[in-house]
Amino acid sequence: MKLGINVDHVATLREARKIVDYPSPFKAALTAQKSGADSVVIHLREDRRHIKDTDAILIKKKLKISLNLEMSVNPEIVDIATRLKPDKATIVPERRQEITTEGGFDLFKEEKKLVKALKKLRKSGISVSVFIDPLSSQIKKAKDLSIDAIELHTGKFCEAKTEKSRKYQFQRIYRAAKLAHDLGLFVAAGHGLNYKNVKKIAGIKYINELNIGHSIISESVFLGLPEAIKAMRRLIN
Ligand code: PXP
């Protein structure tokens, strides 16, 4: 199973002081690469609250492993992506007031904007994934739109307060992953995964990749980033 490391939270720490380059998400990306990550994930938000254009450019220029750019379908961001040329673009919903990405992207509601973005991104040779809730309707729609990768939102599973709801949310992810796999899609999953809950999701054989940010960057305060990444990798394996 592949592991993508989201380094946005290193930029969040930098922005807490509004200083130029410390701590550096670029250094974190290179450290992730050295410590066994398969890809680096960054989210260039419309409000640039953490990752900036300059971070994205520098990371893309020097990174040897895959770069996955999380992005909205806003035409300005799509144009930036077509120039940046990340290996993969993951389309996420974006609301200015949210603390983090709250729900999945709705392929039905946003179809018009998505189709326009897909056209431009594909023309630039960028592979596209969509971050969606674990719903069969969304997965089938992704297939209909000829999207070849999806990322399942694991937030509800991770935040479940009771064992019953945890089991229910797990089943939703399991069934969604199986359906997507059976349809021939590349299946990623992420959001809220941590050292306690990752094993259960990593056990789903239909999932190809996990994308994890907050827990690994947080644990790096105590362990250092290389060890925090290796500890997560051990759990996933
Ligand atoms: N995948 C997507 C699409 C996300 O938006 C995020 C959060 O930026 C993550 C994975 C990682 O979530 P977390 O930081 O909770 O591990």
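Residues numbered from 1 in each chain as written. Predicted model: local features only at pLDDT ≥ 70, side-chain atom pairs only at ≥ 80, totals over all residues. Heavy atoms only, no water.

Student: Quick rundown of the site of the ligand? Include the residues and the values.
Tutor: With respect to spatial proximity, 12 residues lie near the ligand, and among them Glu70, Glu151, Gly192, Gly213 and His214 are the closest. The contact in question runs from an oxygen atom of the ligand to an N or O atom on the side chain of glutamate 70, over 2.8 Å. The contact in question runs from an oxygen atom of the ligand to an N or O atom on the backbone of glycine 213, over 2.8 Å. When the ligand is considered free in solution it has 400 Å² of accessible area, and contact with the protein chains removes 94% of it. Of the residues assigned to the shell around the ligand, the class counts are three nonpolar, seven polar and two charged. (Near = heavy atom within 4 Å. Polar contact = N/O pair within 3.5 Å; in protein donor to acceptor, adjacent residues only side chain to side chain. Areas by Shrake-Rupley, 256 points an atom, 1.4 Å probe, with all protein chains shown as cover. Nonpolar A, V, L, I, M, F, W, Y, C, P; charged D, E, K, R; others polar.)

Student: Residue-level account of the environment of glutamine 171, with values.
Tutor: Relative to the elements of secondary structure, glutamine 171 occurs in helix H8 (residues 163-182). Accessibility expressed as a relative area gives 34% for glutamine 171, which makes it partly exposed. With 53 residues separating them along the chain, glutamine 171 and glycine 224 place their C-alpha atoms 34 Å apart. (Helix = DSSP H or I, 4+ residues; strand = E, 2+ residues; numbered from the N terminus. Buried < 20%, exposed > 50% of the residue type's maximum accessible area, 1.4 Å probe, protein only.)

Student: How would you explain the pattern of salt bridges if you had to name every residue and give the values?
Tutor: Two side chains with opposite charge may pair up if their charged atoms get near one another. Applying the stated rule across the entire model yields 15 salt bridges. Measuring nitrogen to oxygen at the nearest pair gives 3.0 Å for the salt bridge that ties arginine 48 to glutamate 76. Taken together, the residues span a long stretch of sequence, with arginine 48 in the loop between strand E2 (39-43) and helix H3 (53-62) and glutamate 76 in helix H4 (residues 75-84) at a distance of 28 residues. By relative accessible area, arginine 48 is classed as buried at 15%. When its relative accessible area of 42% is taken as the criterion, glutamate 76 is described as partly exposed. In this structure, lysine 141 engages glutamate 111 in a salt bridge whose closest nitrogen and oxygen atoms are separated by 3.0 Å. Residue lysine 141 is found in helix H6 (residues 136-144), and its partner glutamate 111 is found in helix H5 (residues 111-123); the two are separated by 30 residues along the sequence. Looking at glutamate 111, the relative accessible area reads 28%, which means it is partly exposed. (Salt bridge = Lys/Arg side-chain N within 4 Å of Asp/Glu carboxyl O.)

Student: Tell me about the nonpolar core, and name the residues and values.
Tutor: If you look at the biggest cluster of nonpolar residues, it comprises 69 residues, and the most contacted ones within it are Leu114, Ile150, Leu152, Ile201 and Leu210. In this view, isoleucine 150 contacts Ser129, Val130, Ile132, Ile139, Ala142, Ala180, Leu185, Phe186, Val187 and Ala188; residues no more than four positions away in its chain are not counted. (Core = buried A, V, L, I, M, F, W, Y, C linked by side-chain atoms within 4.5 Å. Contact = heavy atoms within 4.5 Å.)

Student: For unusual backbone geometry, give the residues involved together with the corresponding values.
Tutor: For the peptide bond that leads from tyrosine 22 to proline 23, omega is -10°, which places it in the cis range. Within the secondary structure layout, proline 23 lies in the loop between helix H1 (8-15) and helix H2 (25-34). Of note in the backbone geometry, lysine 18 takes a positive phi value of approximately 55° without being a glycine. Here lysine 18 shows up in the loop between H1 and H2. The exposure class of lysine 18 is exposed, given its relative accessible area of 64%. One non-glycine residue with positive phi stands out, namely lysine 85, at about 55°. Mapped onto the secondary structure, lysine 85 falls in the loop between H4 and strand E4 (88-91). Lysine 85 gets classed as partly exposed once you look at its relative accessible area, which sits at 40%.

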